[in-house]
Amino acid sequence: YEPPGVDITHLVDRMIVENTWHTDHYVTRIEEYYGKADEPLVLAVLDAIATSDAVLSPDELLRRIPTERPPSRDKLLRLLPMLEKDHYLTRVGVGDRFSSDLQAKIWRLHRRLA
């Protein structure tokens, strides 16, 4: 249901961008929860998954992570369950996707991803 004269998509986007709902914590808490050393990897993984329409396997994630020194597959396999337990990701078969479309949108808007 969309009330007459209200563009819900625009309203939700505005609330996220203006941080009215305090959704920036999804990004700002990464260093505190995952550590400074793993922060770049966590951000890269979540960026890759947030910008994909498909469920991404660990091997596909490794191909999409833009780093000079890509992590080992084992390191990634240790990280993914943590992101699942923290409700960023949901496992689908051997891959992962964001837990919800709204959370993926929140991530993309705060990280300014296309």
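In this report, the structure presented in the accompanying data block is examined. Being a predicted model, the structure only gives us computed values, none of them experimental.

1. Considering the packing of aromatic side chains
Right, on to step 1. Under the definition given, this model contains three aromatic pairs.
Right, on to step 2. For the ring pair Phe98 and Trp107, a centre distance of 6.3 Å and an interplane angle of 40° mean the geometry is tilted.
Right, on to step 3. Taken together, the aromatic side chains of Tyr26, Tyr88, Phe98 and Trp107 make up a single cluster linked through ring pairs.
Right, on to step 4. Between the NZ or CZ atom of Arg29 and the centre of the ring of Tyr33, over which it lies, the distance is 3.7 Å.

2. Considerations on the environment of Asp24
Right, on to step 1. If you trace the backbone, Asp24 turns up in the loop between helix H1 (8-17) and helix H2 (25-28).
Right, on to step 2. C-alpha of Asp24 to C-alpha of Thr51: the two residues are 27 residues apart in sequence and 18 Å apart in space.
Right, on to step 3. With near-sequence residues (within four places) excluded, Asp24 lies in contact with Asn19 and His110.

3. Considerations on the layout of surface pockets
Right, on to step 1. Computed from the structure, the largest pocket encloses a volume of approximately 220 Å³.
Right, on to step 2. Along its surface, the largest pocket is lined by 13 residues, and Ile49, Ser52, Asp53, Asp101 and Ala104 are the ones closest to its centre.
Right, on to step 3. At the level of elements, helix H4 (39-50), strand S2 (95-98) and helix H7 (101-111) are the ones that each hand at least two residues to the lining of the largest pocket.
Right, on to step 4. Here the element with the most residues in the lining of the largest pocket is H7; it accounts for three residues.
Right, on to step 5. Taken together, the residues of the lining of the largest pocket break down into six nonpolar, three polar and four charged.

What counts, and at which threshold
Residues numbered from 1 in each chain as written. Predicted model: local features only at pLDDT ≥ 70, side-chain atom pairs only at ≥ 80, totals over all residues. Heavy atoms only, no water. Phe/Tyr/Trp six-rings, centres within 6.5 Å; stacked < 30°, edge-to-face > 60°. Lys NZ or Arg CZ within 6 Å of the ring centre and 35° of its normal. Helix = DSSP H or I, 4+ residues; strand = E, 2+ residues; numbered from the N terminus. Contact = heavy atoms within 4.5 Å. 1 Å grid on protein atoms, 1.4 Å probe; cavity = no way out; pocket = protein on both sides within 12 Å on 5 of 7 lines; lining within 4 Å. Points joined across faces, edges and corners; volume = space filled by probe spheres on them. Nonpolar A, V, L, I, M, F, W, Y, C, P; charged D, E, K, R; others polar.

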